Amino acid sequence: MTELDPLGLRRSVDAIGHEIPFTFEGRRLFGIEGEPIAAALHAQGVRIFGRSMKYHRPRGLHCLADACPNCSMRVNGFPGVATCSTPLATGDVVTRERGVPTAERDFLGAMDSVSRLTPVGFQYRRFRHSRRMFSVWERLLARLAGSGTLPEPREARALVEQSAWTTRDSDIVVIGGGVAGLAAALAAARSGARVLLVERRAELGGYAAMSAAGEDRARVGNLERLTRAESQLEVMTGATAIGWYAEDVLAVAAGTAMVEVRATGVVLATGSHERPRRFMDNDRPGVMLANGAERLLRQHGVRPGRRVAIATAEDSGYDIAAELLTDGIDVVGIADSRSSPVTGAGDSAETLRVNGVDLHSGATVVAALGRPTVSGVRIATRTGSSIDMECDALLVANGRRPARELLLQRAAAGGLALDVPDVLRDASVEPTRPIIDGWRLAGGAGGTETIDAAVETGETAGRAVAEGAT
Ligand code: FES
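Below is a short write-up of the structure. Quantities reported herein were computed from a predicted structural model and do not represent experimental measurements.

1. Focus on the overall build of the chain
In terms of helices and strands, the chain carries twelve helices and 24 strands. Whereas a compact globule of 470 residues would reach a radius of gyration of roughly 23 Å, the chain reaches 23 Å, a difference of no more than 12%. Taken across its 470 residues, the chain has 49% of its residues classed as buried. A fraction of 63% describes how many contacts in the chain between residues 6 or more apart in sequence connect residues 24 or more apart. On the chain, roughly 22,400 Å² of surface is accessible, and the fraction owed to carbon and sulfur atoms is 51%. Side-chain charges in the chain split into 55 positive and 57 negative, and the spacing between the mean points of these groups amounts to 8 Å.

2. Brief notes about the sheet that holds strand E15 (residues 287–289)
Through backbone hydrogen bonds, the strands of a sheet pair up, either in parallel or in antiparallel fashion. Reading across from one edge, E15-E22-E16-E17-E18 is the order of the five strands in this open sheet, with parallel pairing throughout. Because the sheet does not close on itself, it has two edges, and the strands there are E15 and strand E18 (359–361). Pairwise comparison of adjacent strand axes, ignoring direction, gives a mean angle of 20 degrees for this sheet. Strands in contact with helix H8 (residues 290–298) are E15 and strand E22 (393–397); relative to E15, the strand with the most contacts, it is inclined by about 85 degrees.

3. Some thoughts on the pattern of salt bridges
In the structure shown here, the tally under the stated rule is 26 salt bridges. A salt bridge links Arg10 to Glu35, with the nearest nitrogen and oxygen atoms 2.8 Å apart. Pair noted here: Arg10 is in the segment before strand E1 (19–24) and Glu35 is in the loop between strand E2 (27–32) and helix H1 (37–43), with a separation of 25 residues, a long-range link. For Arg10, a relative accessible area of 3% puts it in the buried group. Arg298 is paired through a salt bridge with Glu323; the nearest N and O atoms lie 2.6 Å apart.

4. Focus on the packing of aromatic side chains
All told, the structure shown has one aromatic pair when counted by the stated rule. Measuring from ring centre to ring centre gives 3.6 Å for Trp244 and Trp439, while their planes differ by 20 degrees; the resulting arrangement is stacked. One end of the pair, Trp244, is in strand E11 (residues 239–245); the other, Trp439, is in the loop between helix H11 (405–412) and strand E24 (440–441), and 195 residues separate them in sequence. The aromatic ring of Tyr207 is capped on one face by Arg400, whose charged end is 5.5 Å from the ring centroid.

5. A word on the pairing of E2
Sheet analysis places E1 next to E2, joined by six bridges and oriented antiparallel. Note that in E2 the partner of Phe22 across the bridge is Leu29. Hairpin geometry of E1 and E2 is characterised by an intervening segment of two residues between the two adjacent antiparallel strands and by a positive phi of about 50 degrees at Glu25.

6. Focus: the nonpolar core
Among the nonpolar cores identified, the biggest contains 44 residues, and Phe22, Phe24, Leu41, Phe49, Val94, Leu324 and Leu395 are the most heavily contacted of them. Of the residues forming this core, the biggest block, six residues, is contributed by H1. Excluding residues that lie within four positions of it along the chain, Leu395 makes contacts with Met288, Ala290, Ala293, Pro304, Val308, Ala309, Ile310, Ala311, Ile320 and Leu324.

7. Regarding unusual backbone geometry
Apart from glycine, the bulk of residues carry a negative phi angle, and the bulk of peptide bonds sit in the trans form. The omega torsion across Arg371 and Pro372 is -5 degrees, close enough to zero to call that bond cis. Turning to its location among the elements, Pro372 is positioned in the loop between strand E19 (364–369) and strand E20 (376–380). We note that Glu25 has phi near 50 degrees; this positive angle belongs to a residue other than glycine. Here Glu25 shows up in the loop between E1 and E2.

8. Regarding the packing of helix H9 (residues 316–326) against helix H10 (residues 346–354)
Orientation of H9 relative to H10, taken along the N-to-C sense of each, is 50 degrees, at an axis distance of 8 Å. With respect to H10, the element H9 is oriented oblique. Read as a crossing pair, H9 and H10 show a hand that is left-handed. Each of Tyr318, Asp319, Ala321, Ala322 and Leu325 in H9 lies in contact with H10, whose residues at this interface are Ser348, Ala349, Thr351 and Leu352. By residue class, the composition of the contact of H9 with H10 is six nonpolar, two polar and one charged.

9. A short note on a positive patch on the surface
A cluster of basic side chains, namely Lys54, Arg125, Arg126 and Arg128, defines a positive patch on the protein surface. Relative to the elements of secondary structure, Arg128 occurs in the loop between helix H2 (122–126) and helix H3 (131–144).

10. Structural notes on the side chain of His300
Its location among the elements puts His300 in the loop between H8 and strand E16 (307–312). A residue is classified by how much of its surface remains accessible, and His300, at 18% relative accessible area, is buried. Dropping the residues within four chain positions of it, His300 is found in contact with Arg10, Glu35, Pro36, Ala39 and Arg295.

11. Considerations on the packing of helix H5 (residues 179–190) against helix H7 (residues 214–229)
It is at 10 Å that the axes of H5 and H7 come closest, and there the two elements cross at 40 degrees. Compared by their axis directions, H5 and H7 come out oblique. When the axes of H5 and H7 are compared, the crossing they make is left-handed. In contact with Val179, Leu182, Ala183, Leu186 and Arg190 of H5, H7 contributes Val220, Leu223, Glu224, Leu226 and Thr227. In the contact of H5 with H7, the residues fall into seven nonpolar, one polar and two charged.

Rules of the game
- Starting afresh in each chain, residues are numbered from 1 along the sequence in its written order.
- Owing to the predicted nature of the model, reporting of local features is limited to residues with pLDDT of at least 70; listing and counting of side-chain atom pairs is limited to 80 or more, with chain, interface and lining totals taken over all residues.
- Hydrogens and water are ignored here; the side-chain numbers use all heavy atoms of the structure.
- Counting from the N terminus, the helices are the DSSP runs of H or I reaching at least four residues and the strands are the DSSP runs of E reaching at least two.
- The reference for a compact globule is 2.2 Å times residues^0.38; the radius of gyration itself is calculated from the C-alpha atoms.
- In this scheme, a residue with accessible area under 20% of its type's maximum is buried, one over 50% is exposed, and one in between is partly exposed, where area comes from a 1.4 Å probe on protein chains only.
- Residues are treated as being in contact if the distance between any of their heavy atoms lies within 4.5 Å.
- Here the Shrake-Rupley method, with its probe set to 1.4 Å, supplies the accessible areas, and only the displayed protein chains count as covering residues.
- In this charge count, Lys and Arg are treated as positive and Asp and Glu as negative; neither His nor the chain ends contribute.
- Charged groups are reduced to one reference atom each: NZ for lysine, CZ for arginine, CG for aspartic acid, CD for glutamic acid.
- Only strands that DSSP links by at least two bridges are regarded as paired with each other.
- Working convention: axes come from line fits to C-alpha atoms, limited for helices to the stretch in contact. Angles between N-to-C directions cover 0 to 180 degrees.
- A pairing counts as a salt bridge when a side-chain nitrogen of Lys or Arg comes within 4 Å of a carboxyl oxygen of Asp or Glu.
- Ring pairs are drawn from Phe, Tyr and Trp, using the six-membered ring of Trp, whenever the two centres fall within 6.5 Å, and their geometry is named by plane angle: stacked under 30 degrees, edge-to-face over 60, tilted for the rest.
- Think of it as a cone above the ring: NZ of Lys or CZ of Arg counts as a charge over the ring if it is within 6 Å of the ring centre and within 35 degrees of the ring normal.
- Throughout this description, the term nonpolar core refers to a set of buried Ala, Val, Leu, Ile, Met, Phe, Trp, Tyr and Cys residues connected via side-chain atoms within 4.5 Å.
- Here roughly perpendicular refers to angles of 65 to 115 degrees, roughly parallel to angles under 35, roughly antiparallel to angles over 145, and oblique to all remaining angles.
- Left-handed describes a crossing whose near helix is turned anticlockwise from the far helix through less than a right angle; right-handed describes the clockwise counterpart.
- Three categories are distinguished: nonpolar for Ala, Val, Leu, Ile, Met, Phe, Trp, Tyr, Cys and Pro, charged for Asp, Glu, Lys and Arg, and polar for the others, with Gly belonging to the last.
- A residue counts toward a patch only above 30% relative accessible area and without a salt bridge, and it is joined to like-charged neighbours within 9 Å or, for Val, Leu, Ile, Met, Phe, Trp and Tyr, to nonpolar neighbours within 5 Å.

Structure representation (structure tokens):
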């Protein structure tokens, strides 16, 4: 074990990159240059990344896909930074944002035990007869809630000076640099349009770049190479489209810069999100979405835990379990909520069986056990009995849903009620179908699941928007 890997959670500490120091709440820790800050912290044993707003329940790594508020921290003075998608740099100063006095030991965590007394909007009912008490409560709750604090004025001025505002025009903007986004950007550029590709991660290829094998992996690599070589196409990585405003202005956050982008056509290839699962204490640090854990392990070489349980509703849960097992992690059991015996999981299920892993079909997770982090899981079997398994990580594989937040935000147009076009309620949307003012969906955002479909829908959407723009 080294300072870099004090818990032995890294797959390898040899030749994995340049070891650098950073500061976490006054402690000097070590990580690998360029890996997500969250991965470095997880490898160093940090499990509580923050606290929930109202009941101050502990929050840990959950999606590792920049799609939840759990890993948000203050980094070099900037509040609200998603540490699972922010690369570690030498000398970074990182602190958790919520918790009194700290997120690790937050005495406001006691709010959780009186949650029955403080349901949603309780202050409006309980103190409605006393204006004075109402305003006392209002001020107190405003102090307790929120996610961190704004920088002091002088610090804020320095941060603003580091920030920049730029504008950019392009015929087509493709949002998302996964397989569908790459295919759409290439198709649009080859149709003669100027294309800007916006990807929030540092790397292109999306989930497929991490999970595809054999021919598919080569295909993804080839798409990336062609994209980078295409002269009509500009690639912006580490950039997130965070808003779509009137007159078709897109706001893109790129590090400390805000870029105002105007385009004639847009392809939304933002992929899909893993769906969490409902059970008691499903927000305990240690409960992670399975693809998030897969990303942690495969892309960053950090193990999600030492003893892992899996709750699955699909075959991929078995594949992840088999990979963890091969990596030397103790897989304590799988609860598969599908009632039929496992058929599609093939080799992975067999590997697990041979190694004596308990496979429970027709079983559901009813609770995560342990405080403040997961130390076990309780499952209900199909016979009605319940089984407790000891673990320090519980991975949830529960299918995916399209990531269409940007379109939903535009559809709401600042209103409180979402007036969502019917098309956005459909699980699957054809790439030739204009959504709003010529926007098209492709890949996972359109409801597809395979690499073939991502390429096909990306190309179709790219050509369709280019036709309208050139
Ligand atoms: S956004 Fe980082 S864990 Fe979800």
